[in-house]
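A structural walkthrough
What follows is the residue order along each chain.
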Amino acid sequence: FLCILSSTVYAQDTSCVGNYPGLVFRTEKISQFPPYSMHMPYEVLIGYIALDTVCYNVWWNELEDFINRQTYNDTLRYMMKHYYYTLDYDPILFEKTIWYQDSTFKTPPQVFPDLIYNQANKVSDHPFLDYALLRSSYIMHVLVNDTLNITNTNEEDNSAGRFIVIVTTQIVDTIKGKIIPECIPRVGHTFNNGRKEIPRIQIAEPGDCFQFHYCPEWQRGGPLGPSLHDDNGLPWIKTGQEYIVFLDIGERCLDSNYVNYQVRSTGHDSYTFLMYPIIDGKVYDPQNEFGFGTSLTPDEFKNALRQRISEIKNYGQ
């Protein structure tokens, strides 16, 4: 049973986002930490209870030392399990939770995810795969309906990149991330549509609209790799093509009542930036990054992902 907590999502923030031209979602801060609900699945509830315990009772350096000493053992695997459940259940709620501010915290909650997926990347027997599965807020099979190229002329804030591509898609299949923000409508050549309130969050279903952004000057496959263009110099994401994408929710800024966030690609160590095109009925993964093979159909690729996700989620059962 999936309960959507009462939350309203808005377009551009009126204070801290300023003149940034990219796509920014806005959601109300949580009123209590952590946001317990008896409607949550048991594994999610345990995840939030653990976060509560750590933040109020364990100093940051002690937590970091503890997690860094873990091998691929029961302790780390249970952390991976409950973290995956909690993020998958509602990525937006989790983002609001980790940016909750309390002067009595011994450890700020936003440091906890990095410690878990970075340690998994060091010691797991599927390091890159587990890192991608744990870090990503969303894993989606999508069909691209529209792309909009934006030049960020705001000299005071080029943190997202000089050039931004807003991608509007239709969900084909959801692998991770059960709750999404409804899409912000495009108005001409911008999404800054008068700071209009938009509909609230929704359960991700096939056919739903889903949006994210990437920056074409970002380099794939590491800092010395090519930019996010294909071998013909065309943009990596193309209208009318399907992709399997791994995306992250990133906090852009906080104001007094709201968390302002973006959904973006995050796979800088991946040759495809964790945005895998489906070309001639096959998932394009020339580096075989997850060890699945280089000529898989979308269903074969997704089944391999789900097999590993099942192993993470069902550990200890």
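Heads up: the structure comes first, above all this text.
Now for a description of the structure that goes with this document. All values derive from a computational prediction rather than experimental measurement.

Let's talk about the pairing of strand S4 (residues 163-176)
Of all 14 residues making up S4, 10 are buried, and the element is well covered by its neighbours. Direction of pairing for strand S3 (residues 138-151) relative to S4: antiparallel, over a ladder of 12 bridges. When the sheet's bridge partners are listed, Ile-139 is paired in S4 with Lys-176.

Looking at the pattern of salt bridges
Applying the stated criterion across every chain, the model contains 9 salt bridges. In this structure, the salt-bridge partner of Arg-308 is Asp-130, at a minimum N-O distance of 2.7 Å. In this pair, Arg-308 is assigned in helix H7 (residues 298-313) and Asp-130 in helix H6 (residues 127-135), connecting sequence segments 178 residues apart. Relative accessible area serves as the criterion here: at 5%, Arg-308 is assigned to the buried category. Relative accessible area serves as the criterion here: at 0%, Asp-130 is assigned to the buried category.

A word on the pairing of S3
Pairing of S3 with strand S8 (residues 242-254) involves 6 bridges; the strand directions are antiparallel. Within S8, the position partnered with His-141 by the bridge is Ile-244.

Let's talk about the packing of H6 against H7
Here H6 crosses H7 at 80 degrees, and the two axes come no closer than 11 Å. As the angle between them shows, H6 and H7 are arranged roughly perpendicular. Along its contact with H6, which presents Leu-129, Asp-130 and Leu-133, the element H7 presents Leu-305, Arg-308, Ile-309 and Ile-312. Considered class by class, the residues forming the contact of H6 with H7 number 5 nonpolar, no polar and 2 charged.

Describing the packing of aromatic side chains
Tallying each qualifying case throughout the model produces 21 aromatic pairs. For the pair Phe-33 and Tyr-100, a centre-to-centre distance of 5.4 Å together with 20 degrees between the ring planes defines the contact as stacked. Remark: Tyr-100 occurs in the loop between helix H4 (91-98) and helix H5 (112-123) and Phe-33 occurs in the loop between strand S2 (25-28) and helix H1 (42-57); sequence separation between them is 67 residues. Owing to a relative accessible area of 11%, Phe-33 belongs among the buried residues under this scheme. Given the relative accessible area of 22%, Tyr-100 is considered partly exposed. Here Phe-246 and Phe-290 contribute two aromatic rings whose centre-to-centre distance is 5.6 Å and whose plane-to-plane angle is 50 degrees, an arrangement assigned as tilted. In this pair, Phe-246 is assigned in strand S8 and Phe-290 in the loop between strand S11 (282-283) and H7, connecting sequence segments 44 residues apart. Considered together, Phe-246 and Phe-290 belong to a single accessibility category, that of buried residues. Members of the aromatic cluster, joined through ring pairs, are Phe-128, Phe-246, Tyr-276, Phe-290, Phe-292 and Phe-301.

Quick word on unusual backbone geometry
Here the residue pair Phe-33 and Pro-34 is connected by a cis peptide bond, since its omega of -15 degrees sits within 30 degrees of zero. As for its position among the elements, Pro-34 is in the loop between S2 and H1. Even without being glycine, Phe-273 reaches a positive phi, approximately 60 degrees. Along the polypeptide, Phe-273 turns up in the loop between strand S9 (258-265) and strand S10 (275-279). Located in the positive-phi region is Asp-280, a residue other than glycine, with phi close to 50 degrees. Its location among the elements puts Asp-280 in the loop between S10 and S11.

Rules used in this analysis
- Residues numbered from 1 in each chain as written.
- Predicted model: local features only at pLDDT ≥ 70, side-chain atom pairs only at ≥ 80, totals over all residues.
- Heavy atoms only, no water.
- Buried < 20%, exposed > 50% of the residue type's maximum accessible area, 1.4 Å probe, protein only.
- Helix = DSSP H or I, 4+ residues; strand = E, 2+ residues; numbered from the N terminus.
- Pairing = 2+ DSSP bridges.
- Salt bridge = Lys/Arg side-chain N within 4 Å of Asp/Glu carboxyl O.
- Axes fitted to C-alpha atoms, helices over the stretch in contact; angles between N-to-C directions.
- Parallel < 35°, antiparallel > 145°, perpendicular 65-115°, else oblique.
- Contact = heavy atoms within 4.5 Å.
- Nonpolar A, V, L, I, M, F, W, Y, C, P; charged D, E, K, R; others polar.
- Phe/Tyr/Trp six-rings, centres within 6.5 Å; stacked < 30°, edge-to-face > 60°.

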